[in-house]
Amino acid sequence: MKIFFYKAIFIFFLFLLGFHFSFNYTSKKLSNFVNEKISKDSIEVIKESIRAEIKSAIQKDEYIKPEDAKLINQFLNKIRSDLEKNK
Amino acid sequence: MKLNFNKQKNTYLLLLFYGVVLSFVYLNIRDFGIHIEEKFHRLNGHYWLNYIATVFHFENLIEITKIKINEISDYSLSNVSYYNKYGIIFDLPMSFFEILFKIDDVNKIYYFKHLFSFLIFLLSSLVFYRILQDRYENFFLSFIGISLYVCSPRIFGDSFFYKDVLFLSFLTFTIYFFLKCIRNMSFNNVFLLSLFTAFSVNLRFFSIIIPFILFFVIIIKSFYLKNFKYMLKRFSSYFLLFFIILFITWPYLWSNPIINFFEIFSSLNKDLIDVKILFNENYFSNRALPDTYLVSWIIISSPIFQNFLFFFGFILYSLRICNRFFKIQSYSVYNDLWRGKREETDFVLFIFITIFYLLFLVFNAPLYNGWRLVYFLNIFFIYFAIYFLNYLKIKLRKKKTYENLFFIILIFSISLNYYSIVKYHPFQSLYFNNFFSERKINGFEGDYHGIGAKDFFERIIEIDDDKIINVAVASHTPLHRGLEALDVKIRDKFNVVGQEYHLAKYIYKNNISEVNSYINKKYEVPANFSKIYEKKIGKLIIYEVFQKD
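Since the model is a prediction, treat every value here as computed from it, not as a measurement.

Caption draft 1: Local environment of the packing of helix α8 (residues 164-183) of chain B against helix α10 (residues 210-225) of chain B. Residue and element names in this part refer to chain B. Where α8 contacts α10, the two axes come as close as 11 Å, and the packing angle between them is 25°. Compared by their axis directions, α8 and α10 come out roughly parallel. Remark: the crossing between α8 and α10 carries right-handed chirality. Of α10, the residues touching α8 (which contributes Leu171, Thr174, Phe178, Ile182 and Arg183) are Ile210, Ile213, Leu214, Val217 and Lys221. Among the residues forming the contact of α8 with α10, the class breakdown is seven nonpolar, one polar and two charged.

In structure tokens form, the structure reads like this:
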């Protein structure tokens, strides 16, 4: 009985450690990853950087190169005309 | 009757120690600030006093407590009828005394509570002294033990705030009667253990594990004492008494004992705060703290020599118990895990610290504010530090030079604790040891109790004589609660405007934030404010003051 009791305690102790260093460890890691990447604060950071990018774009004399602007214009016109055709 | 000084010198030394500590506290107690949760505790006390008065139809008391509750209530306070599971073992008697002695000035009420809390802590140190004396029968070691117990800077500073160190004190009483009980399960011992277990559970619910630890130790003892039936009978009476006392001393259980009791378990997960906390220069959710959280906090904010002593003491005992464990035989005339009363004490304290630590680790306890929720572990830290000192004392017995050198180092190290208590006054509860860089130390939560608020308001009064001064707060600290530490006249001069920085003349800032301050700019001080003052103790910045340009 005594040996059985001590063995049971030892196995329970190992089980707790095993549980902690496998399940708990992974769940904490996942939770920290989620917190870091898709938390309210991180979304705010992304919004803030978009705002900053737009502001800097407005201040530049030329944000898009003329040839790129031409290309984008042609592309948008193409899309517009395709959409008109298939109304 | 003649007094024999030699026989009495230990008593005199103890009296001198307590005399010095009490004088220091008596002379300086009003320097401490008010911590941010004192208001809630006062409200908690009156709320439950009102509840008891209603149950027993004490009409006068109902009226008085109603007035008090209305007077205390404030927009930033949690609702006590919802957060009603906090223990009342200290709050309720204090509210009763407040009414009985007609203490109306709010800061007198708080300082009265500070003093009372400290006296309980001091009383528990005497009980700790008894535990050490029973174990080592050596005055020198026991005296070193209580010196460390009382004068660990953080513990000393926090002992006035009747929260975490109050639990430490009650746990010390519980452990003392636990040890008495496993040696002699007389009715008196069983009753006192039930009483103090109930008080401990009342203060921190996780101490509900204590009856299970007792049962565990009883099983191990009965393997060689062969008196399991008798022990089981006594244990049953302990268990029953414990629940009866818990029920009597906790009005929360009165309306529906079983459902309310089990609701505490669900609230442990539901009601505990979920915030971001600053730890090691990064922000973490307190629900997913790194495993190193507790250990790092303990290392950085306890005296370094104390950390070493505990570390070696604990390792030494762990090796010993492992050795014993792997040599267990199916039949033995002695106990397999310990021999005699002294080792039994070591084993009990070892089991307590191991189980508590594992519980916190495995259940992923949502800790916050450093390691204050586990300040009670300090009992075990000091115990195993003394265990190591005893080991060294035995080893160095025949080497006089080493023994003397060791003695000098020990006295010097303990003197450093006293020095830190004086140097950090009245911010001992924010102690960090000096072995880490300033950047590292300020990368951990600083003044979470908001005790710097008193000092801040006093500083502003010195430099500004406007009739009304608007102050904003660039941190997660309800600064206005700190005003209660000041006289009414001074209190009325301040208007705390939260994060409405445009209204403020001054901004108070510390590093406490519930959001990740690196990316959330909620607590960023506007550019039109400049820093005019910084309160720093050691390497820790307690708060900064900014003034509008």
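Caption draft 2: Fine view of helix α11 (residues 228-249) of chain B. Residue and element names in this part refer to chain B. Across its 22 residues, α11 extends 31 Å between first and last C-alpha, which sits within 8% of the 32 Å expected from 1.5 Å per residue. When we look at burial in α11, the residues that qualify are Met231, Phe235, Tyr238, Leu241, Phe242, Ile245, Leu246 and Thr249. Mapping the buried residues of α11 onto a view down its axis gives an arc of 135°, with all of them on the same face. Exposed residues lying more than 90 degrees from the buried face of α11 are Lys229, Lys233, Leu240 and Ile248.

Caption draft 3: Examining the pattern of salt bridges more closely. Residues and elements named next belong to chain B. In the structure shown here, the tally under the stated rule is 30 salt bridges over all chains. Here Asp164 ties to Arg372 by a salt bridge, and the two come within 2.7 Å at their closest N and O atoms. With Asp164 in helix α8 and Arg372 in the loop between α15 (340-362) and α16 (378-395), the pair connects residues that are 208 residues apart, well separated along the chain. Taking relative accessible area as the criterion, Arg372 reaches 2% and is therefore assigned buried. For the salt bridge of Lys535 with Asp455, the shortest nitrogen-to-oxygen distance reads 3.8 Å.

Caption draft 4: How the structure looks around the sheet that holds strand β4 (residues 494-496) of chain B. Residue and element names in this part refer to chain B. The strand order across the open sheet built from five strands is β4-β3-β5-β7-β6, with neighbouring strands paired in mixed fashion. At either end of the open sheet lies a strand with only one pairing partner, and these are β4 and β6 (529-537). Each neighbouring strand pair of the sheet contributes to a mean axis angle of 25°, computed without reference to strand direction. Sitting on the sheet, helix α19 (residues 452-463) touches β3 (469-473), β4, β5 (506-509), β6 and β7 (540-548), and the angle it makes with β7 is about 35°.

Caption draft 5: Up close: the pairing of strand β1 (residues 276-279) of chain B. All names here are of chain B. On β1, burial covers both faces: Lys276 and Leu278 on one face and Ile277 and Phe279 on the other are all buried. Direction of pairing for β1 relative to strand β2 (residues 282-285): antiparallel, over a ladder of four bridges. Looking across to β2, one finds that Phe279 is bridged to Asn282. Counting the residues in the hairpin turn of β1 and β2 gives two residues, including Asn280, whose phi is positive at 55°.

The rules behind the values
- Residues numbered from 1 in each chain as written.
- Chains lettered and ligands numbered in written order.
- Predicted model: local features only at pLDDT ≥ 70, side-chain atom pairs only at ≥ 80, totals over all residues.
- Heavy atoms only, no water.
- Axes fitted to C-alpha atoms, helices over the stretch in contact; angles between N-to-C directions.
- Helix = DSSP H or I, 4+ residues; strand = E, 2+ residues; numbered from the N terminus.
- Parallel < 35°, antiparallel > 145°, perpendicular 65-115°, else oblique.
- Left-handed = near helix turned anticlockwise from the far one by under 90°.
- Contact = heavy atoms within 4.5 Å.
- Nonpolar A, V, L, I, M, F, W, Y, C, P; charged D, E, K, R; others polar.
- Expected span 1.5 Å × (residues − 1).
- Buried < 20%, exposed > 50% of the residue type's maximum accessible area, 1.4 Å probe, protein only.
- Arc of directions from axis to C-beta.
- Salt bridge = Lys/Arg side-chain N within 4 Å of Asp/Glu carboxyl O.
- Pairing = 2+ DSSP bridges.

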